Amino acid sequence: MVTIVDTLSNTPLRPRHPEKANRPDSISPAKPAWIRVKAPTTRGYADTRNIVRENGLVTVCEEAGCPNIGECWDKKHATFMIMGDTCTRACAFCNVKTGLPEALDAGEPEHVAEATFKLGLAHVVVTSVDRDDLADGGAAHIAATIRAIRAKCPTTTIEVLTPDFLRKDGALEQVVAAKPDVFNHNLETVPSRYLSVRPGARYFHSIRLLQRVKEIDPTIFTKSGIMVGLGEQRHEVLQVMDDLRSAEVDFLTIGQYLQPTKKHHAVMSYVTPEEFSNYETVAYTKGFLMVSASPLTRSSHHAGEDFAKLKAARDAMTR
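What counts, and at which threshold
- Residues numbered from 1 in each chain as written.
- Predicted model: local features only at pLDDT ≥ 70, side-chain atom pairs only at ≥ 80, totals over all residues.
- Heavy atoms only, no water.
- Helix = DSSP H or I, 4+ residues; strand = E, 2+ residues; numbered from the N terminus.
- Buried < 20%, exposed > 50% of the residue type's maximum accessible area, 1.4 Å probe, protein only.
- Polar contact = N/O pair within 3.5 Å; in protein donor to acceptor, adjacent residues only side chain to side chain.
- Contact = heavy atoms within 4.5 Å.
- Pairing = 2+ DSSP bridges.
- Axes fitted to C-alpha atoms, helices over the stretch in contact; angles between N-to-C directions.
- Salt bridge = Lys/Arg side-chain N within 4 Å of Asp/Glu carboxyl O.
- pLDDT = per-residue confidence, 0-100.
- Core = buried A, V, L, I, M, F, W, Y, C linked by side-chain atoms within 4.5 Å.
- Parallel < 35°, antiparallel > 145°, perpendicular 65-115°, else oblique.
- Left-handed = near helix turned anticlockwise from the far one by under 90°.
- Nonpolar A, V, L, I, M, F, W, Y, C, P; charged D, E, K, R; others polar.
- Expected span 1.5 Å × (residues − 1).
- Arc of directions from axis to C-beta.

## A word on the side chain of Lys214
Following the sequence through the fold, Lys214 ends up in helix α8 (residues 203–216). Its relative accessible area of 9% is what places Lys214 among the buried residues. At 2.8 Å, the side chain of Lys214 forms a polar contact with the side chain of Asp250. Once residues within four sequence positions are removed from consideration, Lys214 is found in contact with Ile220, Phe221, Thr222, Ala247, Glu248, Asp250 and Arg314.

The following block contains the structure:
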């Protein structure tokens, strides 16, 4: 039996995914050449890591094992993960720790704002763990973080990547009222894969969540993303595109799923760069303002540059 050990926190002997420890290993095929990245070693990477550590922050870049961390941190781009480093859900694809989270840190919104200021971010991405243990799913804390960044960095644009707030009445409205520039909520995969990949979520609830953002405030950009290589079929990916456009989602990301450990869902296939290019072309024909589709695409990868393109695309439509 293999035990997945947490090597990122201050308690390195704590199992990172206790619910997965007794699962049989899932073996993925070897990574193709186009999926490989270099280990981070630059001075910019080290500087970003120091700022994150000094402010006691958690980043999804580290917790989720993002392959783009070297590139992004070298440019002083980091995605902050708030409300702790422990998630109440146990999705089969995710490397974030699972278990019972600790109480919220009331000072965290200010710490995120301070780090945003020190990094000089023109565009900041804030995500979070799922907090099903909280009455509002952490919505008030997310809203407080948005407000703190606005106060400290008034010219910085803000993107939030939120949980689904399942069965948390009024939670979404709190986040939208804080007026992030981009509201992102990832579908992660196609509906047929939810029971094995994202069992704690509900596909049509997530679609409705994104649609509701536009109903409340049409000025907020909406964004969602999926991973491919989890056993989905091409026609299912195209149907997801149609469902998102029905909800008036502006921005779609599609990236390759990579297996964090052998206890996570296996990679069923590696989608070629040519297939990603085709998905991007089709998505644009369906009406998305912005599409990012490539093997290493992640929700917050190039988020600042993509926001500028997203805004330019909307402006072009209104001229």
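## What about the sheet that holds strand β4 (residues 123–128)?
Spatially, β1-β4-β5-β6-β7-β8-β9 is the arrangement adopted by the 7 strands of the open sheet, whose pairing is parallel. With one partner strand each, in any of the chains shown, β1 (79–82) and β9 (290–293) form the two edges of the open sheet. Pairs of neighbouring strands in the sheet enclose a mean axial angle of 20°, with direction left out of account. Bridge count for strand β8 (residues 251–256) against β9 is 4 bridges, and the pairing is parallel. If you follow Leu252 over to β9, its bridge partner there is Val291.

## Let's talk about the pattern of salt bridges
Evaluation of the coordinates by the stated rule reveals 17 salt bridges. As a salt-bridge pair, Asp133 and Arg131 come within 2.9 Å of each other at their nearest N and O atoms. One salt bridge in this structure joins Arg150 and Asp181, with 3.0 Å as the shortest N-O distance. Of this pair, Arg150 sits in helix α5 (residues 139–152) while Asp181 is found in the loop between α6 (171–177) and β6 (182–184), placing the two residues 31 residues apart along the sequence. By relative accessible area, Arg150 is classed as partly exposed at 26%. Salt bridges sharing partners connect three or more residues here, namely Arg89, Asp130, Asp132 and Asp164.

## As for the confidence of the model for the chain
Looking at the chain as a whole, its pLDDT mean stands at 89, while 88% of the residues score no less than 70. Note that residues 1–7 has pLDDT below 50 and, in this model, 24 contacts with residues that lie over four places away or in other chains.

## Quick word on the nonpolar core
If you look at the biggest cluster of nonpolar residues, it comprises 59 residues, and the most contacted ones within it are Phe183, Met241, Leu244 and Ile254. Looking at this core, the element that brings in the most residues is α5, giving 6 residues. Residues contacting Phe183, with those up to four places away along its chain left out, are Val160, Thr162, Leu172, Val175, Leu209, Leu210, Val213, Ile220, Phe221, Thr222 and Lys223.

## Thoughts on the packing of helix α1 (residues 43–54) against helix α4 (residues 108–119)
Between α1 and α4, the shortest axis-to-axis distance is 10 Å and the interhelical angle comes to 155°. Classified by the interaxial angle, the pair formed by α1 and α4 is roughly antiparallel. The way α1 lies across α4 gives a crossing that is right-handed. Facing Thr48, Ile51 and Glu54 of α1, the residues of α4 in contact are Ala115, Lys118 and Leu119. Its residues assigned to classes, the contact of α1 with α4 shows 3 nonpolar, 1 polar and 2 charged.

## Some points on helix α9 (residues 234–246)
In this model, α9 (13 residues) spans 19 Å end to end at C-alpha, consistent with the 18 Å of a helix rising 1.5 Å per residue. Where α9 is concerned, the buried positions are Glu236, Val237, Val240, Met241, Asp243 and Leu244. For α9, the angular spread of the buried residues around the axis is 165°, confining them to a single face. Opposite the packed face of α9, turned more than 90 degrees from it, sit the exposed residues His235 and Ser246. Looking at the buried residues of α9, the elements they touch are α8, β7 (221–228), β8 and α10 (273–285).

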